[in-house]
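Analysis of the macromolecular model
Below, each chain spelled out in residue letters.
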Amino acid sequence: MFTSSTQRTTRPFISAAALLALAAGAAAACPTPHTISIASPGFNDEAGAALAWSGASLMIGVPGRDAAAANAGAVYTFLPGGFTWTQRAEILAADAAPGDGFGAAVAFADPYAAIGAPGRGDTGSVYFFERTGNTWNQVTRVSATSEPGADVGRVLAISGSTVAIGVPKKTIGQHPGAGAVYLYQRNVNGTWGFAQQLNEDPALEPIAGDRFGEAVALHGDLLVVGVPTGEDTPAFTDHGYARVYRRGGDGFTHEQRLAMPAPVANARFGAAVATDGEFIAVGAPWRGRLASEGGELPAAGAVYVYRFDGGQWVADGVVFAPDAAAYAAFGDSVELRAGRLVVGSPESKKAYIFRRIPSGVWHPGAVLTDPTGANNSGFARAIAFNGDQVAVGAPADAGFGPTGGRTFIYNRPNFDHGDDCIAAVPVSQGVYTGCTDGATLDGSAACGGPANAQGPDVWFSWTSPCSGTLHVDTVGSAFDTVLSVHSGCPGAPGSTQIACSNDAPGLGSASRVQFNYQAGQVYYIRLGGADGASGDYTLNVTDGDGEPPANNDCATPQVVTDGVFAFGTCRAGGGFPTISGCSPSGAISLGHDVWFRYTAPSTGTATIDLCGSNFPAAVAVYNLGRCPGLIDQPVACDTGSCPGGQARVEFAIVEGSEYLIRVGSLPGAAGGSAVMSIASGSACPADWNGDGSVNSNDISTFLTSWLDSVQAGTLGADFSGDGAVNSNDISAFLTAWLGAVQNGC
């Protein structure tokens with residue numbers, strides 16, 4: 001769990017014309033978010049000035065709240081409940097004083113929280129709280145430094161029981177504004193103690209005014225620190241950089257310095273930072289867009305993304321707003337998680353969502369705008385992302401009180417779609433909602449009017465390890481939809497339209513398509529609007545062949561005898577119980593497993609092989625008289641003795657005994673089409689049919705088994721034991737049969 005909060009930057013002068021241009025794109029649009037407001041809002045409360053998630057719980061800072069004293073500030077936690085959000089707690093400083101600004105920054109890792117009060121005393125403070133039930137108890141208050149005007153409490157991050165406090169105004173030696181970061185750790189006795197201070201070394205470079213610590217992000221043992229006005233060369237002032245630290249036995253030590261490949265003056269690279277451990281995002285909100293990047297735009301902003309690869313952080317892409325505007329400050333705040341990047345652009349009052357697609361590109365998705373359409377709400381001054389929900393603060397929103405402030409919550413299904421086909425979002429059976437307002441037009445369909453009149457579209461993809469029939473409709477959408485299915489993206493060689501629907505019979509303006517799909521094939525689903533329409537959509541995906549097999553559960557096994565059986569497993573569930581003793585990796589869980597019941601026709605041995613299956617099939621055999629429990633282990637199991645990596649197992653059987661056979665896929669593998677051969681033998685191998693005597697019936701029975709094995713590609717008739725079924729097995733069987741006839745078994 002990580003959260004980060006960055007100090008609001010001092011922004012460049014913005015002309016009235018620029019403000020009007022930015023406001024033009026801020027009209028209310030879908031997706032419609034949930035709205036959270038503080039009860040009894042007051043003048044200048046600034047609810048939503050700081051936000052942080054811990055799981056599904058949201059913490060909202062209200063630094064202007066007159067809760068305990070004028071502008072002392074307060075913090076509130078909320079939890080979702082159905083279609084509403086419920087306030088769970090109000091958190092106040094025990095020693096609140098006027099002007100504290102408690103809640104200007106919040107860092108939340110339940111049950112711990114760090115809350116900033118930059119107006120507390122001469123230096124500012126950070127309060128540490130711990131939750132018991134629904135009650136938050138104040139543990140301690142720290143100031144980190146005694147320097148007047150340090151503004152402690154504006155920059156915070158937390159991960160587990162570690163808190164990072166950024167103090168960018170800190171004087172280091174004779175260098176005012178050099179900045180520092182203070183690390184605090186929770187002790188085993190429940191107290192919080194100072195652990196470490198990080199800052200630049202003034203002996204190595206001039207650091208006055210660098211503002212080290214203006215942004216901080218923590219994830220486990222990884223710490224990222226923004227230095228937005230640091231510089232390498234006088235030619236490019238205030239271009240900024242960031243530093244990466246990793247915790248070891250000696251605390252946090254420097255790992256790498258991140259900077260723009262080509263410095264841009266006044267870019268403020270490092271004004272915002274975020275990390276999920278795999279990627280790092282660094283905002284440069286004052287970086288101008290260059291002529292070579294689509295036309296010059298001063299202070300449009302950019303975000304740089306890095307990926308940890310080969311023991312170092314390497315560039316993974318540079319992200320710009322798809323509707324970039326001058327002085328938008330895109331990158332003023334950033335959040336990163338689950339392959340998705342959320343970027344705040346407060347001057348344009350927008351938040352942008354990007355998704356890393358399989359090609360490695362950070363592709364633009366939904367654009368979140370103020371649903372009220374207000375021009376002065378402060379929308380996107382604060383953002384927070386927990387992987388499934390985006391919270392956007394509008395602390396100056398006048399909907400409740402002159403500037404009481406509100407917070408808007410967007411659920412991932414409402415913003416997680418592919419604006420372009422190459423960024424199509426994979427879907428499974430279920431319901432998907434979202435919005436096409438603001439999406440672009442990427443392709444067309446043969447129904448729904450002329451291609452040049454069709455509305456903006458979003459894309460999804462469907463892939464299944466099985467073959468079947470898919471039903472897709474847009475019932476519940478708020479506009480006249482057009483739905484089509486394609487074999488490839490627009491312009492791809494050989495791409496064809498498979499199905500198309502505008503107004504489906506009986507569904508009004510909703511669309512419905514049905515098509516047959518093949519295992520392993522990717523299908524692209526386009527959802528657009530007729531005659532330019534757009535809005536909120538509902539996409540219902542139903543797999544017509546999606547029911548699991550009847551023997552998906554141990555309690556309902558399929559009865560089998562000796563022979564060859566074909567079946568499918570890709571729709572089956574799996575996982576319990578784990579099995580031991582058949583994999584070098586130890587205990588494993590089988591996925592997509594199905595169950596069979598086998599009664600031994602004689603006493604001897606039985607062989608089960610799955611060599612003809614098209615996936616890495618594993619097998620486990622139980623002899624319990626019931627379904628296995630947590631600690632029950634199979635009498636035999638195998639995970640890959642066949643040449644193709646499928647299972648083959650031989651085990652002792654007793655006539656009349658029942659055995660449960662479990663067939664599934666190895667961990668991480670999909671199911672598929674299976675072929676299982678079961679062959680039993682008595683104590684006399686030549687008694688192939690197990691009737692207790694060796695005669696000509698055994699020869700004909702063996703030859704039938706041999707032919708079945710050859711045709712199915714299984715090893716049930718591998719009498720010679722050489723791993724193949726061929727003429728050698730016939731010779732070996734006849735030799736054994738003749739010996740048994742002449743000498744007995």
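Above this note sits the structure.
Here's what I pulled together on the structure shown here.

How each quantity is defined
Residues numbered from 1 in each chain as written. Predicted model: local features only at pLDDT ≥ 70, side-chain atom pairs only at ≥ 80, totals over all residues. Heavy atoms only, no water. Helix = DSSP H or I, 4+ residues; strand = E, 2+ residues; numbered from the N terminus. Buried < 20%, exposed > 50% of the residue type's maximum accessible area, 1.4 Å probe, protein only. Areas by Shrake-Rupley, 256 points an atom, 1.4 Å probe, with all protein chains shown as cover. Lys, Arg positive; Asp, Glu negative; His and termini not counted. Charge placed at Lys NZ, Arg CZ, Asp CG, Glu CD. Disulfide = S-S within 2.5 Å. Axes fitted to C-alpha atoms, helices over the stretch in contact; angles between N-to-C directions. Parallel < 35°, antiparallel > 145°, perpendicular 65-115°, else oblique. Left-handed = near helix turned anticlockwise from the far one by under 90°. Contact = heavy atoms within 4.5 Å. Nonpolar A, V, L, I, M, F, W, Y, C, P; charged D, E, K, R; others polar. Pairing = 2+ DSSP bridges. Expected span 1.5 Å × (residues − 1). Arc of directions from axis to C-beta. Salt bridge = Lys/Arg side-chain N within 4 Å of Asp/Glu carboxyl O. Phe/Tyr/Trp six-rings, centres within 6.5 Å; stacked < 30°, edge-to-face > 60°. Lys NZ or Arg CZ within 6 Å of the ring centre and 35° of its normal.

**Remarks on the overall build of the protein**
The helix and strand tally for the protein stands at four helices and 47 strands. Once the C-alpha set of the protein is aligned to its principal axes, its extents read approximately 105 × 70 × 50 Å. The buried share of the protein, taken over its 745 residues, is 53%. In the form shown here, the protein has an accessible surface area of approximately 28200 Å², with 52% of it arising from carbon and sulfur atoms. A distance of 10 Å separates the average location of the 36 positive side-chain charges in the protein from that of its 65 negative side-chain charges.

**Some details on the state of the cysteines**
Applying the stated criterion across every chain yields a total of four disulfides. Sulfur-sulfur distance for the disulfide between C421 and C489 comes to 2.1 Å. As the torsion about the S-S bond is roughly -85°, the C421-C489 disulfide counts as left-handed. Placement of the pair is C421 in the loop between α2 (412–415) and β30 (425–426) and C489 in the loop between β34 (481–486) and β35 (497–501), with a sequence separation of 68 residues. Owing to a relative accessible area of 2%, C421 belongs among the buried residues under this scheme. Put simply, C447 and C500 are joined by a disulfide, and their sulfur atoms are 1.9 Å apart. Negative torsions about the S-S bond denote left-handed disulfides, and the value of about -90° found for C447 with C500 makes this one left-handed. With C447 in the loop between β31 (430–435) and β32 (458–462) and C500 in strand β35, this pair connects stretches of sequence that are 53 residues apart. Taking relative accessible area as the criterion, C447 reaches 17% and is therefore assigned buried.

**Observations concerning the packing of helix α3 (residues 696–712) against helix α4 (residues 727–743)**
Across the interface, α3 lies against α4 with an axial gap of 11 Å and an inter-helix angle of 165°. The orientation of α3 with respect to α4, classified from their angle, is roughly antiparallel. By crossing handedness, the relation of α3 to α4 is classed as right-handed. Contacts between α3 and α4 involve S696, D698, I699, F702, L703 and W706 from the former and S727, D729, I730, F733, L734 and W737 from the latter. Each residue belonging to the contact of α3 with α4 can be placed in one class, and the counts come to eight nonpolar, two polar and two charged.

**Some thoughts on the sheet that holds strand β27 (residues 382–385)**
Picture the strands of a sheet paired through backbone hydrogen bonds; they go either parallel or antiparallel. Reading across from one edge, β2-β29-β28-β27 is the order of the four strands in this open sheet, with antiparallel pairing throughout. Each edge of the open sheet is held by one strand with a lone partner, namely β2 (34–36) and β27. The mean angle between the axes of side-by-side strands here comes to 20°, regardless of whether they run parallel or antiparallel. Bridge analysis of β2 against strand β29 (residues 406–411) gives three bridges, and the strand direction is antiparallel. Looking across to β29, one finds that H34 is bridged to I409.

**Overview of the sheet that holds β31**
Read from one edge to the other, the open sheet built from four strands follows the order β31-β38-β33-β36, with strand pairing classed as antiparallel. At either margin of the open sheet sits one strand with a lone partner, and together these are β31 and β36 (512–517). For this sheet the average axis-to-axis angle between neighbouring strands, irrespective of direction, equals 20°.

**A short note on α3**
Look at α3: 25 Å from first C-alpha to last across 17 residues, which is about the 24 Å you get at 1.5 Å a residue. All of the buried residues in α3 are D698, F702, W706 and S709. Looking down the long axis of α3, one finds its buried residues gathered within 70° of arc, a one-sided arrangement. Opposite its buried face, α3 presents the exposed residues S696 and Q711, each directed more than 90 degrees away. Those residues of α3 hidden inside the fold are in contact with α4. Following α3 by one or two positions, G713 adopts a phi angle in the positive range, close to 75°.

**Description of the pairing of strand β22 (residues 312–319)**
A regular strand places its side chains on the two faces of the sheet in alternate fashion. Where strand β21 (residues 302–309) lies against β22, seven bridges are found, and the strand directions are antiparallel. The partner of Y306 across the bridge, within β22, is A315. The turn joining β21 and β22, which pair antiparallel and follow one another in sequence, is formed by two residues; a positive phi near 65° is taken by G310.

**Observations concerning the pattern of salt bridges**
A pair can form between side chains of opposite charge whenever their charged atoms are brought close. Per the stated rule, a full pass over the model turns up 24 salt bridges. In this structure, R526 and D457 form a salt bridge, with 2.8 Å as the shortest nitrogen-oxygen distance. Of this pair, R526 sits in strand β37 (residues 523–529) while D457 sits in the loop between β31 and β32, and the two are 69 residues apart along the sequence.

**Examining the side chain of Q389**
For Q389, the position within the fold is in strand β28 (residues 389–394). Non-local contacts of Q389, meaning those with residues more than four positions away in its chain, are made with W53, A56, W85, A384, I409, Y410 and N411.

**Regarding the environment of G692**
Looking at where G692 falls in the secondary structure, it is placed in the loop between β47 (673–682) and α3. Judged by relative accessible area, G692 falls into the exposed class, the value being 65%. The spatial distance from the C-alpha of G692 to the C-alpha of D66 is 93 Å, given a sequence separation of 626 residues.

**Brief notes about the packing of aromatic side chains**
Describing an aromatic ring pair means giving the distance of the ring centres and the angle of the ring planes. Under the criterion given, the structure shown has 28 aromatic pairs. Residues F308 and W313 carry aromatic rings whose centres are separated by 4.9 Å and whose planes lie at 55° to one another, so their mutual orientation is tilted. Take W313: its relative accessible area is 4%, and that puts it in the buried class. Ring pairs connect the aromatic residues Y112, F128, Y182, Y184, W192 and F194, which therefore count as one cluster. Over the aromatic face of W286 sits the side chain of R268, whose NZ or CZ is 5.1 Å from the ring centroid.

Any functional reading would require information beyond the geometric quantities listed.
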